[in-house]
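# Fold and contact review
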Amino acid sequence: MKTLFLDTFSGISGDMFLGLLLDLGLPLAKLEKEIKKLPVTGYRLELQKVQKQAITASKLTVHCEESHHHRTWQDIDRMLEEGPLPLETRDLARRIFRRIGQAEAKIHGVALETVHFHEVGALDSIVDVVGAAIGIHLLAIERVVCAPLPLSRGTVGCAHGNFPLPAPATLEILKGQPVVDDAADIELVTPTGAAIAAEIATFGAMPAMILQTIGYGAGERDLADRPNLLRGLLGQAASEEALDQDRVTVLESHLDDANPEWLGALMDSLLEAGALDVGYSSLQMKKNRPGLALTVIAPPSLTEQLARIILRQSSAAGVRWRESRRYKLRSEAATITTVLGEAQVKNFYEGEKLLRTVPEFESCLKLATESGRPLPEVYRLVERAIGATGLK
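The structure reproduced in this document is the subject of the present report. (Residues numbered from 1 in each chain as written. Predicted model: local features only at pLDDT ≥ 70, side-chain atom pairs only at ≥ 80, totals over all residues. Heavy atoms only, no water.)

The next subject is the side chain of Asp-128. When you line up the elements, Asp-128 lands in helix α5 (residues 123–138). In this structure Asp-128 is buried but unpaired, with Lys-59 as the nearest side chain of opposite charge at 7.9 Å. Once residues within four sequence positions are removed from consideration, Asp-128 is found in contact with Gly-14, Asp-15, Leu-18 and Ile-196. (Helix = DSSP H or I, 4+ residues; strand = E, 2+ residues; numbered from the N terminus. Buried < 20%, exposed > 50% of the residue type's maximum accessible area, 1.4 Å probe, protein only. Lys, Arg positive; Asp, Glu negative; His and termini not counted. Salt bridge = Lys/Arg side-chain N within 4 Å of Asp/Glu carboxyl O. Contact = heavy atoms within 4.5 Å.)

Before going further, it helps to spend a moment on the sheet that holds strand β18 (residues 353–359). The antiparallel open sheet is built from three strands, whose spatial order is β16-β17-β18. The outermost strands of the open sheet, each flanked by one partner alone, are β16 (330–338) and β18. Ignoring strand direction, the axes of neighbouring strands in this sheet form an average angle of 30 degrees. Bridge analysis of β16 against strand β17 (residues 341–350) gives nine bridges, and the strand direction is antiparallel. Opposite Ala-334, over in β17, you have Val-345 as the bridge partner. (Pairing = 2+ DSSP bridges. Axes fitted to C-alpha atoms, helices over the stretch in contact; angles between N-to-C directions.)

Next up on the list: the side chain of Thr-190. Tracing the backbone through its elements, the reader meets Thr-190 in the loop between β8 (179–181) and α7 (191–200). Using a relative accessible area of 18% as the deciding quantity, one classes Thr-190 as buried. A distance of 3.0 Å separates a polar side-chain atom of Thr-190 from the backbone nitrogen of Gly-193. In this structure, Thr-190 is in contact with Ile-12, Ser-13, Gly-14 and Thr-170, ignoring residues within four places of it in sequence. (Polar contact = N/O pair within 3.5 Å; in protein donor to acceptor, adjacent residues only side chain to side chain.)

On inspection of all chains with the given rule, the structure shows 22 salt bridges. Between Glu-172 and Lys-106 there is a salt bridge; the shortest N-O distance is 3.4 Å. Here Glu-172 is found in helix α6 (residues 168–173), whereas its partner Lys-106 is found in helix α4 (residues 87–108), with 66 residues between them in sequence. Looking at Lys-106, the relative accessible area reads 51%, which means it is exposed. Put simply, Asp-256 and Arg-289 hold a salt bridge, and the shortest N to O gap is 2.9 Å. Here the residue Asp-256 occupies a position in the loop between β12 (244–255) and α8 (260–272), and Arg-289 occupies one in the loop between β13 (277–284) and β14 (290–298), the gap between them amounting to 33 residues. You can call Asp-256 partly exposed: its relative accessible area is 23%. Here the residues in one salt-bridge network are Asp-15, Lys-59 and Glu-220, joined through shared partners.

Structure representation (structure tokens):
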């Protein structure tokens, strides 16, 4: 399996990722040919070899004629949906923009359809996102693994003024993903870079592979403590049949005096804070008391934060935790068309083999609410549409 590992020691941005793909062998001419299929003009691509602290890297610059723009998420999504790009490329670019749009909608308290992109709607960002999708397809990369992303401090200027770092959109996009604190006082992870990584990659340690190519994509900055580069390691996975693995933390506590009304709120708080799963199970405790075992599966980076929530929002006086490795199926979000409209589904893969496709609950609930039909009926309609597409 052709695998790309993203070494994000200096963060990630859209232009750094695209520069990396070009450094790994993506032909600039083929990239330009594909991007020109979009109905956007007034830009020119320039690829340079630059030095960042004595390391040679590829730097892609998008020279734009426009000084302002008025693109909404809906404008860009429609442009991609109706465009002539290959389906796989088009869908990936749409998913990346949707991630950014949903984050912006949450932050500004507006509907996704009305989100107005500023920096992300500019021509250079469109080229970055669409180019990333094109590059993944042309390089035939089957799997991407990304190291935890470094989040910096300070402020960054944008169309709305000075925002704290990490930018609010970046944080919203990275909810549920592993991140690490970084002492840098400049922006290392941009919303575009975060959305690309979150959409195409699983996060974790470098997987076992036969290393074939190393590439470097250059950023705009000149940092004092490290080169401003995104490093990519491209190779062949040691076994195409190997199951995906990652590392998680398991937090546990036994509760024998918890108010049941608190437990639902506790579960919501833990999931909102980034827990991967939360469960309760019955047990018999000391003094013959019936109780509950709380089990939380979480990214290792959130261990202390989630333990604090348990201690503050339940009757627990202590929380046990341990790190554990897990095998898992690779999952990818997808959209299918039903008689009620578009529905979100999730595809589960073992390697490259599609094992099953399942409806997404929130999407089905939305369709049920909008159509007035019972939720079980909506599930059956979505499952019927899955079968009609040839999925399982």
